[in-house]
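Listed here are the chains, written in short residue letters.
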Amino acid sequence: MKTYSNYFLHFENNHAIFQKRGRVKGRMVWLSRIISNDLLFMKQIDILVKMFNERHYPLNFLNKITNKNVEARKTRFQTIMIKIVENVNTVSPQTRPAVTNEKNGCNGYSL
């Protein structure tokens, strides 16, 4: 049984071009933020480009957006886990605020 469906907007519908570009960029940024492995990220970008191309998005349109997002991945669209690790490493334990669990009154992180 097939459950896959390509639900992206068709390129020839009446939406404005900035909405189509935003849809593509948004999906690429989303991938960039959830995938930390560069090789896996590029494989998923290729799959995404093929999916949009099946909906008649021109390859030159997709390639421009892809190139911008791959370049921006290095600075603006980093993986969320990389940002978390960088933030934890830049805050020393002495300056990190204590977390209080209001239910049991204990300090520290609890699950």
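Student: Whenever I open this one, the environment of F77 confuses me. Can you help?
Tutor: Structurally, the position occupied by F77 is in the loop between α3 (59-72) and α4 (80-90). By relative accessible area, which is 9% here, F77 ends up buried. With 44 residues separating them in the primary sequence, F77 and R33 have C-alpha atoms 6.3 Å apart. Apart from the residues lying within four places of it in its own chain, the contact partners of F77 are K25, V29, S32, R33, N69 and A72.

Student: Quick question: what am I supposed to make of the side chain of T66 here?
Tutor: Following the sequence through the fold, T66 ends up in helix α3. A distance of 2.8 Å separates a polar atom in the side chain of T66 from the backbone oxygen of L62. When neighbours within four sequence positions are excluded, T66 is seen to be in contact with M28, I45 and V49.

Student: What is the right way to look at the pattern of salt bridges in this model?
Tutor: If charged atoms from side chains of opposite charge come close, those side chains can pair. The final tally for this structure, using the stated rule, is two salt bridges. Of the charged contacts, one joins R73 and D38 as a salt bridge, the two residues approaching to 3.0 Å between their closest N and O atoms. Of this pair, R73 sits in the loop between α3 and α4 while D38 sits in helix α2 (residues 38-54); the two residues are 35 residues apart in sequence, bridging distant segments of the chain. Given the relative accessible area of 10%, R73 is considered buried. For D38, a relative accessible area of 51% corresponds to the exposed category.

Student: How do you make sense of the packing of helix α1 (residues 17-34) against α3 when you look at a structure like this?
Tutor: The N-to-C vectors of α1 and α3 enclose an angle of 45°; their axes lie 10 Å apart at closest approach. Classified by the angle their axes make, α1 and α3 are oblique. As for the relative orientation of α1 and α3, their crossing is right-handed in sense. Between α1 and α3, the contacting residues are I17, K20, R21, V24, K25, M28 and V29 on the first element and F61, L62, I65, T66 and N69 on the second. Looking at side-chain class alone, the contact of α1 with α3 contains seven nonpolar, two polar and three charged residues.

Student: Sorry if this is basic, but what is going on with the confidence of the model for the chain here?
Tutor: In low-pLDDT regions, the fine details of the predicted coordinates are not to be read closely. Per-residue confidence for the chain gives a mean pLDDT of 78; residues scoring 70 or more make up 66%. Considering only residues more than four positions removed or in separate chains, one finds that residues 107-111, a stretch of pLDDT under 50, has six contacts.

Student: What is the right way to look at a positive patch on the surface in this model?
Tutor: A surface patch of positive charge is lined by R21, K25, K64, K68 and R76. Within the residue set of the positive patch, elements represented by two or more residues are α1 and α3. By the secondary structure assignment, K25 is in helix α1.

Student: How should the packing of aromatic side chains be read in this particular structure?
Tutor: A ring pair, where both rings are aromatic, is described by two values, the distance of the centres and the angle of the planes. This model, assessed by the stated rule, comprises five aromatic pairs. For the ring pair F8 and F52, a centre distance of 4.2 Å and an interplane angle of 25° mean the geometry is stacked. Pair noted here: F8 is in the segment before α1 and F52 is in helix α2, with a separation of 44 residues, a long-range link. Owing to a relative accessible area of 1%, F52 belongs among the buried residues under this scheme. Between F52 and Y57, the ring centres sit 4.9 Å apart and the planes meet at 70°, which makes this aromatic pair edge-to-face.

About the cut-offs
Residues numbered from 1 in each chain as written. Predicted model: local features only at pLDDT ≥ 70, side-chain atom pairs only at ≥ 80, totals over all residues. Heavy atoms only, no water. Helix = DSSP H or I, 4+ residues; strand = E, 2+ residues; numbered from the N terminus. Buried < 20%, exposed > 50% of the residue type's maximum accessible area, 1.4 Å probe, protein only. Contact = heavy atoms within 4.5 Å. Polar contact = N/O pair within 3.5 Å; in protein donor to acceptor, adjacent residues only side chain to side chain. Salt bridge = Lys/Arg side-chain N within 4 Å of Asp/Glu carboxyl O. Axes fitted to C-alpha atoms, helices over the stretch in contact; angles between N-to-C directions. Parallel < 35°, antiparallel > 145°, perpendicular 65-115°, else oblique. Left-handed = near helix turned anticlockwise from the far one by under 90°. Nonpolar A, V, L, I, M, F, W, Y, C, P; charged D, E, K, R; others polar. pLDDT = per-residue confidence, 0-100. Patch = residues over 30% accessible without salt bridge, like charges linked within 9 Å, V, L, I, M, F, W, Y side chains within 5 Å. Areas by Shrake-Rupley, 256 points an atom, 1.4 Å probe, with all protein chains shown as cover. Lys, Arg positive; Asp, Glu negative; His and termini not counted. Charge placed at Lys NZ, Arg CZ, Asp CG, Glu CD. Phe/Tyr/Trp six-rings, centres within 6.5 Å; stacked < 30°, edge-to-face > 60°.

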